[in-house]
Amino acid sequence: MEIDTIDDKEFDIPQVDTPPTLESILNEPEDEEEPFILEDTCLLNTENIDAHSCETSSLASSDSGDRTHLKRKRKTVELSTTVHGSVLRHSILKGISAQIVSAAVNLNQALRLCLGSTATGAEYGAVSALSINHDCTRLLCGFAKGHITMWDLANGKLLRTITDAHPPGTAILHVKFTDDPTLAVCNDSGGSVFELAFRRLMGMRTCESRCLFSGSKGEVCNVEPLLTAPDLKDHPITQYSLLAMASLTKILVIGLKPSLKVWMTFPYGKTDPTSVPQLAWQFVPVQKVVNPVLAFCRGDTVHFLLVKKDETGTIHVIKQRQLQLNCDIISLNWINSRTLVVMDSGEKLRVVDRPSQEELESLDVAEVQLVYNSSHFKSLATGGNVSQALALVGEKACYQSVCSYTGQMVLLGTKSAHILTLRNWRERVDCLLKQERFVEALSLAWSFHEGTAKAVLGLFGDPAKRKGVVADKMIEILFQYVERSVKKCPEHGKIQIMEQHFQDMVPVMVDYCLQLQRTDLLFNQLYTRLVENCVARGVFLESLEPYIVSERLGCVTAPVMRDLLTHLQDNNMMDSVENCLIHLDITSLDIQQVVQMCWDNQLYDAMIYVFNRGMNDYITPMEVVMGNKLLVYISCSLAGRAYPLGDIPEDLVSQVKNQVFEFLIRLHSAEAGQEEELYPYIRTLVHFDTPEFLNVLALTLEDFKNDKQALEYQQRIVDILLKVMVENSDFTPSQVGCLFTFLARQLAKPDNTLFVNRKLFDQVLEFLCSPDDDTRHTERQQVLLELLQVGGVIQFDEGRLLGLAEKAEFYQICEFLYEQNHLYDKILDCYLRDPLRKVIFNYIHNLLSMPGYSSEEKHCVWEKALLHIAELVTLDPAKSADLVAMHFPEEVRPIITRLQVSRHGPLVCSSLVALFLWQQVTNLPLLRLSPDLHELHIGLLCRFTPRQLTDFLKASQDYRLEEAVQVTSLHYSISLSTLDLCSNSLWICVICNLSLSLSFCVCLSLSLSLSLSVCLSLSLSLSLSLSLSPPSLSPSLPLSPLSLSLSLSLSLSLSDSLSLPPSLSLSQDPVYGKGKLAEIQGLILGMLETFNYEQTLLETTTSLLNHDLHWSLSHLRAAVSRGLHPRQDHCNICLQQYRRRQDSPDDIIIFSCGHLYHCQCLQRKGSGHAEPRLLQVWSCYKCISSQRGRGGDRVTTETGRGRSTSLAQVKTHISLRLHRSEVLHTIN
């Protein structure tokens, strides 16, 4: 269709007398009523949407190249489900034909201008870039063939046609005005950037071009000048006319004025080569100062650069915190100073709050069918002479299709234009209300009320005024919500369904009414509406409890309070009743109703609260309440605190304290009988929990030190306690001890005011230390010890106390008294006599090691420990050895002698074992044991623990061999089967002394896996070596001439088969008459090394043989399991094709050589023979025939040879008889 023949009726273009300017359109207020309103796609019905704006079949641009990376499934526009609500309002400009080349429209979509013609398009190519100056009077157009035109928007007149501003043959990618109307910049498909300076001389309009960046240094694909709003024209940065450029590798910020200067470069780092560089300027308030911030990205990370000028005039470019998004960004725009709108490669818009980096909304704009600039980046109109890297970036370039201005974003689609604007706060709430999402609407409104919402628009004034406006809106929502909850309630069905319905709604209403502090609205209007439904009424009343308990709701109207108590009581929720009563204002309660309910249901906390707060009565609750609750109540009342929470009014604190004291010291209760004992209240409390009651009294003594009347009451209570507990046998020793411990603590204080008769302490001492009473022994001792530790010692005569403690076997009491008098040696007797205490070793060690004790005290303890060493060894040999090694290293021999004299053989053995073990573990020079102790230890091991002898001989090297041999020779009960081979030759000497029994040889053979002959040779060689040793070396080891001759003869007989060591070779010499045990030791070690070597060699050889066998079997299995493929499809005997029918009765046989036969044909030729393990074994007739032709005897020889070789070398072809339909294999 021709541009000149546009039909006004077709495009619904009204007549306009005075067309408004674009600036006036964009600055119009949002609340102004307009004759034509832009439709909101979130609220439109499908019948009202223009056909051009929906039901698209492709995302590809009308002028793009290959767009396969954007092809995906169509998705409908999703409604926002975040707590921020719908942030963006999506509107569609309808009625603009997709065939219009360039058109300017006003907000009412009235067509104003049509610029250019079809001839212009044919000559210059498609429009590739547009830019309007700040006062909306000029329009710059860039074309695909490299031309630039300037138009006057007032009358549509063409002012300039620029053809030589940049090198020919390149398309215009960007053309943009700066703040200076006479200065613009352009970017072509060659990657170069040029400055355009417009002049008018002598009535002629000219344009001067200057290259700012050459594409040969790196191709620039995006430019963005810093544009300043009218209210920021005086900002100090504006005078430099900043320009940001994005190349394929880095960001550059340059200043065009007063002279060209590069301010900053920033490399991207490693990025995806298909990602599109993005730039966006915005003036942002940072620390109450407004400065420009550049946002740029390539990929998924948005970086921010703050540009500011300090007081000295120096320009600083400061990097800010970056924003990480999990998407490939193809468009980046500021919509205000706090909010960014980005578009990813999936054509999904994301609204992001920059300070919090929180995503506010995600909107799918796939139905827009965005126009991409791929063909311009590829410069298809001029022959496609661009680099591969720039063409790759251009696949996702949409710079000219997405732009932002004064809080709005415009998207250019293939069939329509779309506008996205921020909703004001009321619109965002109403949008949720229209969808009946009341809970989210209330949450969003509350965020506006508290000032925590993001992207807020339309709230003005001081904070109080803003809160008032939002609160009114929230009240309106609450009314709508309660109406909906009642009307939408299911009328039929189970009661649980109705309860769940109201439980989802009613608590929300209660919560927001309390947050708004509108209890009048809650109880007078909302409750009145909900009470019409009995289920809603119950849910409402139960939802009040958590708010009452948390003290968010302190006062409830009388009708609601009455309904609340009745409902909770009817549903047997008495715990909830008590929790609510103790947190409510007493003035809102019906005292008579509440007291009766508390008495009936034993709600003591609530009853105490009502009596205290409602009647100022603090005594009546104590006459009824008992147990721990009464002790806590008394403690709180005496301390001035209200029970169960809060404080007693200051003017009543003294009165309440006196009333409580008077109550405790009453002789009789109000309804006392004749059998009631004196002081019933104190008696009951002491019987119930003596320590807790005394703790309460102790706290009162601390709180009322300067109150004379309170001190008199306390003395009176103490006297009553002494009279009640000491004269009465109903109390246990622990209870009596608690009382006197309490008294001792109080009497030991310097400011004590209590008086207690000292005879009472003596009486208690005799009671606790009574030797005739064996019951509660530990309890009585512990009570007396606590009494002494808190200062009760001064109340007793120490001599008498010590005597009673010893008679009663109170060893801890004795220890306490001895320690008071520094008699530390006597404390050891207490430890030894007390069977329950095992810490004597630590006590001795600490006292002898730690400073703070005199040398005389340490010496007394040292002597006492040495005196009782036998008892200490009996208690713990290991700890005794530790003690001896650390503190008695010079007394080891006397200690062992003393133990031997006392005939404590096992103790001596245990002590030596522990000493040797301590020496091995610590390896310290504190303890050096003599050889005679080692030999003594060997003898004791032979007697008591023979199984430990070998381990000791292996570990120790400090004993003398000859003496040790003599000791062990005295004990023949050692079983040879328990001995292992040892590097020390001592035990071998013992074996030789036992006539080299054959059992030893057998045992040695089994333990070392050696042959019996080798072990026998070893034994004989040892015998021979020992026989040649001088008498002085081993005088107690005589051997018979028969043993010598037998050893010599056997060693000579084995010399042919065994390689004898040097010691045995020398022993064969009749002249040789000397022998040393060192040679025997070397002999044994040499044989062991030889054995280890031969064993390793055998294991390695076995492993290699197993590996070879496994390799052969695996290759054989692979050959057997390999499928066979015939060379021909006919039998090689009858030359007839085999049948392919499944019902054919004929069997076929295939060999590994590829020959195929009928089974009957092979049988006639005699090429099969039977074997025991197989049904039939076949051979290939043709191959056998050919081999026989070469030589008959050789075939038989090779066949036999093949069968005698390993499985991997068999060459004879054999096969199994299988059915034709089965898988046929062969063994080769």
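Going by the annotation in an unreviewed UniProt entry, the name recorded for the chain is VPS8 subunit of CORVET complex, with Oncorhynchus mykiss given as the source organism.

Chemist: Explain the pattern of salt bridges to me, please; I cannot follow it from the model alone.
Modeler: For side chains of opposite charge, pairing can occur when their charged atoms come near one another. Throughout the structure, instances matching the rule amount to 22 salt bridges. Salt-bridge contacts for aspartate 430 lead to lysine 473; the nearest nitrogen and oxygen are separated by 2.7 Å. Here lysine 473 lies in helix α8 (residues 463-487) and aspartate 430 lies in helix α6 (residues 425-434), a separation of 43 residues in the sequence. For lysine 473, a relative accessible area of 5% gives the class buried. Between aspartate 511 and arginine 552 there is a salt bridge, and its shortest N-O distance comes to 3.3 Å. Here aspartate 511, found in helix α10 (residues 506-515), pairs with arginine 552, found in the loop between α13 (545-549) and α14 (558-570); they are 41 residues apart in sequence, far enough to count as distant. Within this structure, Asp344, Arg350 and Glu359 form a network of salt bridges that share partners.

Chemist: Just to check I follow, could you spell out the sheet that holds strand β23 (residues 348-353) for this structure?
Modeler: Picture the strands of a sheet paired through backbone hydrogen bonds; they go either parallel or antiparallel. With respect to topology, four strands assemble into an open sheet ordered β21-β22-β23-β24, the strand pairing being antiparallel. Each of the sheet's edge strands pairs with one partner strand only, and the pair in question is β21 (329-334) and β24 (358-364). Ignoring which end each strand starts from, the neighbouring axes of this sheet average 20 degrees apart. Sheet analysis places β21 next to strand β22 (residues 339-344), joined by five bridges and oriented antiparallel. Residue pairing across strands places serine 331 opposite methionine 343, the latter belonging to β22.

Chemist: Looking at this structure, I do not really get the environment of glutamate 806. What am I missing?
Modeler: Along the chain, the position of glutamate 806 falls in helix α27 (residues 798-807). The class for glutamate 806 is partly exposed, based on a relative accessible area of 34%. Note: C-alpha distance between glutamate 806 and cysteine 769 (37 residues apart in sequence) is 9.2 Å. Contacts of glutamate 806, omitting those with residues within four sequence positions, involve Cys814 and Tyr818.

Chemist: Could you clarify how one ought to interpret the nonpolar core in this entry?
Modeler: Grouped burial of nonpolar side chains is what soluble globular proteins tend to show. Membership of the largest hydrophobic core comes to 170 residues, with the highest contact counts inside it found for Phe540, Leu544 and Phe740. Among the elements that take part in this core, helix α23 (residues 708-726) stands out by supplying ten residues, more than any other. Beyond its immediate stretch of four places on either side in the chain, phenylalanine 540 contacts Val506, Val510, Leu522, Phe523, Tyr527 and Leu530. Counting 21 residues, the second-largest nonpolar core is a separate cluster that includes Ile335, Met343, Leu360 and Val402.

Chemist: Can you walk me through the pairing of β23 in this structure?
Modeler: In regular strands, side chains alternate between the two faces of the sheet. In terms of burial, β23 is largely enclosed, as five of its six residues are buried. Strand direction decides the pairing type here: β22 and β23, joined by five bridges, are antiparallel. The partner of methionine 343 across the bridge, within β23, is leucine 349. Counting the residues between successive antiparallel strands, the hairpin from β22 to β23 contains three residues, one of them, glutamate 347, with a positive phi of roughly 60 degrees. The pairing of β23 with β24 spans six bridges and is classified as antiparallel. Following the sheet pairing, valine 351 is matched in β24 by glutamate 361.

Chemist: Looking at this model, I keep getting lost on the sheet that holds strand β26 (residues 408-412). Mind explaining?
Modeler: Here four strands make up an open sheet; going across it, the order is β1-β27-β26-β25 and the pairing antiparallel. Both edges of this open sheet fall to β1 (88-93) and β25 (402-405), since each of them pairs with a single strand only. Sheet twist, expressed as the average angle between the axes of neighbouring strands with direction ignored, equals 20 degrees. As defined by bridge partners, β26 adjoins strand β27 (residues 417-422) across five bridges and the pair is classed as antiparallel.

Chemist: Whenever I open this one, the packing of α8 against α10 confuses me. Can you help?
Modeler: When two helices pack together, their arrangement is given by the angle between the helix axes and by the axis-to-axis distance. Contact pair α8 / α10: the axes reach a minimum separation of 11 Å and the direction vectors enclose 160 degrees. Classified by the interaxial angle, the pair formed by α8 and α10 is roughly antiparallel. In this structure, the crossing between α8 and α10 has a hand that is left-handed. Between α8 and α10, the residues in contact are Met474, Leu478, Tyr481, Val482 and Ser485 and Val508, Met509, Tyr512 and Cys513, respectively. Here the residues of the contact of α8 with α10 are counted per class, giving eight nonpolar, one polar and no charged.

Chemist: Any chance you could explain the confidence of the model for the chain here in plain terms?
Modeler: The predicted structure's coordinates, where accompanied by low pLDDT, should not be read in detail. In this model, the chain carries an average pLDDT of 74, and 72% of its residues clear a pLDDT of 70 or more. Contacts of residues 25-81 to residues separated by more than four positions or lying in other chains number 107 contacts, the stretch itself having pLDDT below 50. Across residues 1192-1228, confidence stays below pLDDT 50; counting only partners more than four residues off in sequence or on other chains, it has 74 contacts.

Chemist: In this structure, what is going on with the packing of aromatic side chains? I would like to understand it.
Modeler: Any two aromatic rings considered together are summarised by their centre-to-centre distance and by the angle between their planes. Following the criterion strictly, the structure yields 15 aromatic pairs and no others. Measuring from ring centre to ring centre gives 5.2 Å for phenylalanine 266 and phenylalanine 296, while their planes differ by 65 degrees; the resulting arrangement is edge-to-face. Of the two residues, phenylalanine 266 sits in strand β15 (residues 261-267) while phenylalanine 296 sits in strand β17 (residues 289-297), which places them 30 residues apart along the sequence. For the pair phenylalanine 266 and phenylalanine 296, one class covers both residues: buried. Its guanidinium or amino end placed over the ring of phenylalanine 304, arginine 354 lies 4.6 Å from that ring's centre, counting from NZ or CZ.

Chemist: How do you make sense of the environment of alanine 171 when you look at a structure like this?
Modeler: Here alanine 171 shows up in the loop between β7 (157-162) and β8 (172-177). Relative accessible area serves as the criterion here: at 0%, alanine 171 is assigned to the buried category. Between the C-alpha atom of alanine 171 and that of lysine 145, which follows or precedes it by 26 residues, the distance is 5.1 Å. If we ignore the near neighbours within four places in the chain, the residues touching alanine 171 are Phe143, Ala144, Gly146, Asn187, Asp188, Ser189, His376 and Ser379.

Rules of the game
Residues numbered from 1 in each chain as written. Predicted model: local features only at pLDDT ≥ 70, side-chain atom pairs only at ≥ 80, totals over all residues. Heavy atoms only, no water. Salt bridge = Lys/Arg side-chain N within 4 Å of Asp/Glu carboxyl O. Helix = DSSP H or I, 4+ residues; strand = E, 2+ residues; numbered from the N terminus. Buried < 20%, exposed > 50% of the residue type's maximum accessible area, 1.4 Å probe, protein only. Pairing = 2+ DSSP bridges. Axes fitted to C-alpha atoms, helices over the stretch in contact; angles between N-to-C directions. Contact = heavy atoms within 4.5 Å. Core = buried A, V, L, I, M, F, W, Y, C linked by side-chain atoms within 4.5 Å. Parallel < 35°, antiparallel > 145°, perpendicular 65-115°, else oblique. Left-handed = near helix turned anticlockwise from the far one by under 90°. Nonpolar A, V, L, I, M, F, W, Y, C, P; charged D, E, K, R; others polar. pLDDT = per-residue confidence, 0-100. Phe/Tyr/Trp six-rings, centres within 6.5 Å; stacked < 30°, edge-to-face > 60°. Lys NZ or Arg CZ within 6 Å of the ring centre and 35° of its normal.

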